[in-house]
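Spelled out from the first residue to the last, the chains are:
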Amino acid sequence: MALTAAAEATSTLRVGSGICLVVERDPITTAKEVASVDHLSGGRFEFGVGAGWNREEMANHGTDPRTRMRLMAERIEAMKAIWTQDEASYSGEFVNFDRIWSWPKPAQRPHPPVLVGGNGPTVLDRVLAFGDAWLPNYTRGDALDRVEELRARAERPIDLMVMGVPADSAVLERLRQAGCRRVVHWIPSTGKARVEAALEDWEAAIAEFTGET
């Protein structure tokens, strides 16, 4: 609902989830929601996904934390089938459905970009398996050190986007040199004055980075 509101209030802004815990969501319903937002926005949706870390929360959603990575892979594959096939079917260890219809289809072809979140030791395996981009968190350290590994292993183009980037032009420059295409900067959920101040800091960092100051 929030992404739809943001998309409808803008005309060029790309909107996305950062991140959607697909291991805690029904894949058929989620595929429908993603396709609907992408359709209504004219193809401006970015689908950030992850498996999460809170084991108690996963268990409350009926997910075994020990198999969550395999579950996530199947749910992403199943959603891609729903987005790209008029009559979709999927048969796996965790996800099974036969000959379903789901409309509208996404505006983007073949589907919205799947941005795989995470900084864990096996995250690159998931990015390479089903991601269009890697979406690590900047504040957790080693993302830039692993970019070359990702590129060396990739057999297709994979974007780098980074979450949690500070309002610092030097950081933006390091990310640019690493080949990062887009960054996400957190804005506080608080009163208007603090939000506007945070946006001004971010705007100033961008201006310094682009040489507009």
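Anything mentioned here points back to the structure above.
In this report, we go over the structure that sits alongside the text. Being a predicted model, the structure only gives us computed values, none of them experimental.

A word on the nonpolar core
- Of all hydrophobic cores here, the largest spans 48 residues; its most connected members are V22, F47, I76, W83, F97 and W134.
- By residue number, the principal contributor to this core is helix α4 (residues 68-84), which donates 9 residues.
- If we ignore the near neighbours within four places in the chain, the residues touching I76 are V22, F47, V49, V114 and F130.
- Counting 5 residues, the second-largest nonpolar core is a separate cluster that includes L115, L135, M161 and M163.

Focus: the side chain of Q108
- Among the secondary structure elements, Q108 is positioned in the loop between β4 (96-100) and β5 (114-117).
- There is a polar contact of 3.5 Å between the side chain of Q108 and the backbone oxygen of G43.
- In terms of polar contacts, Q108 uses its side chain to reach the backbone carbonyl oxygen of F45, at 2.9 Å.
- Sequence-distant contacts of Q108, defined by excluding residues within four places in its chain, comprise R14, D38, G43, R44, F45 and P113.

Looking at the side chain of H185
- For H185, the position within the fold is in the loop between β8 (182-183) and α8 (192-210).
- At 2.7 Å, the side chain of H185 and the backbone oxygen of V165 are in polar contact.
- Discounting chain neighbours no more than four positions away, the residues touching H185 are V165, P166, A167, A198 and W202.

The rules we used
- Per chain, residue numbering runs from 1 following the sequence as it is written.
- Given that this is a predicted model, residues contribute local features only at a pLDDT of at least 70 and side-chain atom pairs are listed and counted only at 80 or more, while totals for whole chains, interfaces and linings are drawn from all residues.
- In computing side-chain values, all of the structure's heavy atoms are included and hydrogens and water are not.
- Residues belong to a common nonpolar core when they are buried Ala, Val, Leu, Ile, Met, Phe, Trp, Tyr or Cys residues joined through side-chain atoms within 4.5 Å.
- Each residue's exposure class comes from its accessible area (1.4 Å probe, protein chains only) as a fraction of the maximum for that residue type: buried when under 20%, exposed when over 50%, partly exposed otherwise.
- Helix and strand assignments come from DSSP, with helices taken as H or I runs of at least 4 residues and strands as E runs of at least 2, each series counted from the N terminus.
- For this analysis, residues touch if any pair of their heavy atoms sits within 4.5 Å.
- Polar contact is the term for a pair of N or O atoms within 3.5 Å; when the atoms are in protein, one must be able to donate a hydrogen and the other to accept it, and sequence-neighboring residues count only if both atoms are side-chain atoms.

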